[in-house]
Amino acid sequence: MSFQHAALEELSRNHAFAGYIVKYKYKSKTLGDLSTQFNIFLPKEAESASVPVLYYLAGLTCTEDTGAWKGGFLRDAAEEGIALVFPDTSPRGANVPGEDDSWDFGTGAGFYLNATEPKFSKHYNMFSFITEELPEVLKSSGLPIDPHRQSIFGHSMGGHGAITLHLLKPGQYRSASAFSPILNPTQAPWGHKAFGGYLAGGTEEGKKWDATELISTAKGRRLNIRIDYGDADQFYQQKQLLPENFVAAARAAGFGEDDVQVQSHSGYDHSYYFISTFGREHIQHHAKYLKA
Ligand SMILES: N[C@@H](CCC(=O)N[C@@H](CS)C(=O)NCC(=O)O)C(=O)O
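Small disclaimer: the values here were computed from a predicted structure and weren't measured.

Draft legend 1. Geometry of the overall build of the chain. Along the backbone of the chain there are 11 helices and 9 strands. Scaling as 2.2 N^0.38, a compact globule of 292 residues should have a C-alpha radius of gyration of about 19 Å, and the chain matches this with 18 Å. Referenced to the eigenvectors of the C-alpha coordinate spread, the extents of the chain come out at roughly 45 × 40 × 35 Å. By the burial criterion, 52% of the 292 residues in the chain qualify as buried. Residue pairs at least 24 apart in sequence account for 69% of intrachain contacts in the chain once pairs closer than 6 positions are excluded.

Draft legend 2. Looking closely at the UniProt feature "active site" (unreviewed entry) in the chain. Within the UniProt annotation, "active site" (unreviewed entry) is assigned to S156, D233 and H270. Across 115 residues in sequence, these annotated residues keep their C-alpha atoms within 10.8 Å of one another, forming a single compact spot. Position of D233 among the secondary structure elements: in the loop between strand 8 (225-230) and helix 9 (234-237). Look at D233 and you get buried, because 21 C-beta atoms sit within 10 Å. Setting aside anything within four residues of it in sequence, one finds D233 in contact with S180, Y268, D269 and H270. Among the structural elements, H270 can be located in the loop between strand 9 (260-265) and helix 11 (272-290). Here H270 is in contact with S156, S180, D233, Q234 and F235, once residues within four sequence places are set aside.

Draft legend 3. Representation of the site of the ligand within the structure. What surrounds the ligand is a group of 13 residues, the closest being G59, L60, T61, W103 and S156. Residue composition of the shell around the ligand, grouped by class: 5 nonpolar, 7 polar and 1 charged.

Draft legend 4. Looking closely at the environment of L242. Mapped onto the secondary structure, L242 falls in the loop between helix 9 and helix 10 (243-252). Non-local contacts of L242, meaning those with residues more than four positions away in its chain, are made with L183, N184, Q187 and A188.

Draft legend 5. Up close: helix 4 (residues 126-140). Taking 1.5 Å of rise per residue, the 15 residues of helix 4 would be expected to cover 21 Å, and the 20 Å separating its terminal C-alpha atoms lies within 8% of that figure. The largest bend in helix 4 is about 35°, located at E133, with the proline P135 one to four residues further on. What helix 4 keeps buried is the set M126, F127, F129, I130, T131, E133, L134, V137 and L138. Buried residues in helix 4 make contact with strand 2 (19-28), strand 4 (51-57), strand 5 (83-87), strand 6 (145-155) and helix 5 (157-168).

Draft legend 6. Layout of unusual backbone geometry. The phi dihedral of F17 falls on the positive side, at around 50°, and the residue is not glycine. Within the element layout of this structure, F17 appears in the loop between strand 1 (9-16) and strand 2. According to the C-beta neighbour criterion, F17 is partly exposed, with 15 such atoms within 10 Å. Positioned with a positive phi, F111 is a non-glycine residue whose angle comes to about 65°. Examined against the element boundaries, F111 turns out to sit in the loop between strand 5 and helix 3 (118-121). Accessibility expressed as a C-beta count within 10 Å gives 31 for F111, which makes it buried.

Draft legend 7. Region of the structure containing the nonpolar core. Membership of the largest hydrophobic core comes to 85 residues, with the highest contact counts inside it found for L54, Y56, I82, A83, L84, V85 and Y198. Sequence-distant contacts of L54, defined by excluding residues within four places in its chain, comprise A77, I82, L84, S151, F153, H286 and L290.

Draft legend 8. Summary view of the pairing of strand 1. For strand 1, the tally of buried residues reaches only 0 of 8 residues, placing the bulk of the element at the surface. When strand 1 meets strand 2, the two strands line up antiparallel, connected through 7 bridges. Among the inter-strand pairings, R13 is bridged to a residue of strand 2, identified as V22. Linking strand 1 back to strand 2 in an antiparallel pair, the connection comprises 2 residues, with F17 at a positive phi of about 50°.

Cut-offs used in this document
Residues numbered from 1 in each chain as written. Predicted model: local features only at pLDDT ≥ 70, side-chain atom pairs only at ≥ 80, totals over all residues. Helix = DSSP H or I, 4+ residues; strand = E, 2+ residues; numbered from the N terminus. Rg over C-alpha atoms; globule rule 2.2 N^0.38 Å. Buried ≥ 20, exposed ≤ 12 C-beta atoms within 10 Å, placed from the backbone. Contact = placed C-beta atoms within 7 Å. UniProt positions renumbered as here; feature names shortened; annotations may be inferred. Near = placed C-beta within 6 Å. Nonpolar A, V, L, I, M, F, W, Y, C, P; charged D, E, K, R; others polar. Expected span 1.5 Å × (residues − 1). Bend = angle between axes of the 7 residues up to and from the residue. Core = buried A, V, L, I, M, F, W, Y, C linked by C-beta atoms within 7 Å. Pairing = 2+ DSSP bridges.

Set out below in structure tokens:
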């Protein structure tokens, strides 16, 4: 699919770790002609060659800035010579009634799916945006990104996004990882709310976007998934994340630790203090596959 898109507008550029972090804006077709913004970190290697790219999907209430500012990923990405792309978490300004009524649905909460509920389906297409349009826009804009070396990671709702996109797009991402991801949304309040709103078929249709439901479809593939969460995470304790269900489904589908590694960490919560503690290990996980 080819996306005729308006030129990227550069909003800011900062020198960081010998490379640059640049913020761009452009009008997105898949988001129904709304403007969207993203940050891209280009390591110094990008001055002379195409570099591998790691997409970071942020969680509920976040923007394209949250991971860039608070994740602490840039130093390690620079050391590995990997670009980072930080997209927004939803369309903005769709003006769908109700989209700004709560923090866990609508604006800032796109759930990385394609909506089928008519009210939302023109704009809420974060799945196609992340997996198809944005990579093509990066390429056609001449940014020095190697489209054959992509991986993806994320936090919470963005962790759900990273794992499901990896499962739904075989061959597109070499590896996926997540901090505190929502892993079985059809069994959790956040998922019921999101799927009930965005999908014409509600939670039943949501099974198509649920990592625990999808994992068995990947039988026979190499997955290279790493997941970390903290046992003091209030959303884990409230059963929004349900990592145990995902591990059980992964093991039942024949995936061992080499394909799907899930670790619990004592005392850590849902915050960016947890993410930044383990960020280095996640970047190194992806570097192993991106630079193989
Ligand atoms: N606003 C919510 C919390 C939302 C929240 O924790 N969001 C997570 C993602 S699920 C996050 O990363 N927030 C941004 C931040 O910590 O900077 C509340 O008041 O309970």
